[in-house]
Amino acid sequence: MTLRIHGIPASRAIRPLWAATELGLDFEHVVTDYKGGGTRTPEFLTLNPNGHIPVVEDETSAGHLVVFESMACALYITRAHGQANGVDISCANLKEEGEALRWAFWSVTELEKDALTVLMHRMAMPETERKSDLAQAAEGRLRAPLKVLEGILSAQADQNHDYLCAARFTVADLCVASVAMWIKPAAALLDEFPLTAAWLKRCLDRPAHQAARKFGR
Ligand SMILES: N[C@@H](CCC(=O)N[C@@H](CS)C(=O)NCC(=O)O)C(=O)O
């Protein structure tokens, strides 16, 4: 087996796990939790000196490749192992490639920090440690990028396209949805953006996403 993915689905590793599952790839899943020190062992740090999951390893004609950064991992998998045939979630042409890169960077720069604050302070942290003022402030800031997303989805809908850069679900949708899902605990905020809420549900309901969430269980 040439492809190996380190991480757990309840982390940013869902991005490469989901991508590989969408493509139906045969890959090895190395269960590495972000808790418990597994990302700080000498062996793991040789793969990712940042000490974070996910990491993707691949045996290729160019040698043994190691990719870290979750968005890069998802984009790499679809580029290296998918087909540019307009059916796979991989980019079919330069336009889709440019848009997927744009959306991946957009997700981590415009959305991720505040979305994570919402997830942590509305749901993930023990109730006694949650700070609703932090969540509320993050929700306020998220209105601007969510408006951008809603606008693009509206323009896409005008062309009968259900997804961000094509009529089909692509890696661009995967990148954005894997961050936007952290906003789900702020249901009232998502209700303000109905196209975004419906698109997010479409993405997360995909069988490959549901299957990827179960890896390692
Ligand atoms: N920008 C990185 C962030 C990776 C990251 O922070 N991963 C977390 C899990 S979601 C982790 O491994 N934390 C363990 C640690 O920091 O020790 C990426 O997108 O891959």
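Note that this is a predicted model, so its numbers are computed, not measured. (Residues numbered from 1 in each chain as written. Predicted model: local features only at pLDDT ≥ 70, side-chain atom pairs only at ≥ 80, totals over all residues. Heavy atoms only, no water.)

### Describing the sheet that holds strand 1 (residues 3-7)
Link 1 in the chain: Taken together, the four strands give an open sheet; going across it, the order is 2-1-3-4, and neighbouring strands pair in mixed fashion. With one partner strand each, in any of the chains shown, strand 2 (28-31) and strand 4 (63-68) form the two edges of the open sheet. Within this sheet the neighbouring strands show an average axis-to-axis angle of 15°, counted without direction.
Link 2 in the chain: As paired elements, strand 1 and strand 3 (residues 55-60) share four bridges and run antiparallel to each other. Across the sheet, residue Arg-4 finds its bridge partner in strand 3, namely Glu-57.
Link 3 in the chain: Strands strand 1, strand 3 and strand 4 of the sheet are contacted by helix 3 (residues 70-81), whose axis makes an angle of about 140° with strand 4. (Pairing = 2+ DSSP bridges. Helix = DSSP H or I, 4+ residues; strand = E, 2+ residues; numbered from the N terminus. Axes fitted to C-alpha atoms, helices over the stretch in contact; angles between N-to-C directions. Contact = heavy atoms within 4.5 Å.)

### A short note on the nonpolar core
Link 1 in the chain: Trp-18, Ile-77, Leu-149, Ile-183 and Trp-199 are the most contacted members of the largest nonpolar core, which totals 58 residues.
Link 2 in the chain: In this structure, this core is formed jointly by two domains, domain 1 (3-82) and domain 2 (94-206), each of which donates at least three residues.
Link 3 in the chain: With sequence-adjacent residues up to four places away left out, Ile-183 is seen in contact with Leu-111, Ala-115, Val-118, Leu-142, Leu-146, Leu-189 and Leu-190.
Link 4 in the chain: One finds Ile-8, Phe-44, Leu-47 and Val-55 within the second-largest nonpolar core, a separate group that totals five residues. (Core = buried A, V, L, I, M, F, W, Y, C linked by side-chain atoms within 4.5 Å. Buried < 20%, exposed > 50% of the residue type's maximum accessible area, 1.4 Å probe, protein only. Domains from an automatic or database assignment.)

### Considering the domain arrangement of the protein chain
Interfaces are frequently sized by the accessible area removed from exposure as the parts join.
Link 1 in the chain: Along its sequence, the protein chain is carved into domain 1 (3-82) and domain 2 (94-206).
Link 2 in the chain: Between the C-alpha centres of domain 1 and domain 2 the distance comes to 23 Å.
Link 3 in the chain: Between domain 1 and domain 2, roughly 1200 Å² of surface is buried when both sides are summed, and carbon and sulfur atoms account for 72% of that area.
Link 4 in the chain: Summed over the shared surface of domain 1 and domain 2, the number is four salt bridges.
Link 5 in the chain: The closest approach of N and O atoms between Glu-97 and Arg-79, which form a salt bridge, is 3.6 Å.
Link 6 in the chain: Viewed at the interface, domain 2 and domain 1 are joined by four residue pairs in polar contact (both at pLDDT 80 or more).
Link 7 in the chain: Elements with a minimum of two residues in the side of domain 1 that touches domain 2: helix 1 (14-22) and helix 3.
Link 8 in the chain: For the side of domain 1 that touches domain 2, the class distribution of residues is six nonpolar, one polar and four charged. (Buried area = accessible area lost by both parts, 1.4 Å probe. Salt bridge = Lys/Arg side-chain N within 4 Å of Asp/Glu carboxyl O. Polar contact = N/O pair within 3.5 Å; in protein donor to acceptor, adjacent residues only side chain to side chain. Nonpolar A, V, L, I, M, F, W, Y, C, P; charged D, E, K, R; others polar.)

### Comments concerning the pattern of salt bridges
Link 1 in the chain: Applying the stated criterion across every chain yields a total of twelve salt bridges.
Link 2 in the chain: The salt bridge partner of Arg-4 is Glu-57, with a shortest N-O separation of 3.2 Å. Here the residue Arg-4 occupies a position in strand 1, and Glu-57 occupies one in strand 3, the gap between them amounting to 53 residues.
Link 3 in the chain: A relative accessible area of 26% means that Arg-4 is categorised as partly exposed.
Link 4 in the chain: In this structure Glu-57 comes out as buried when scored by relative accessible area, which is 7%.
Link 5 in the chain: Look at the salt bridges and you will find they share partners, linking Arg-4, Glu-28 and Glu-57 into a network.

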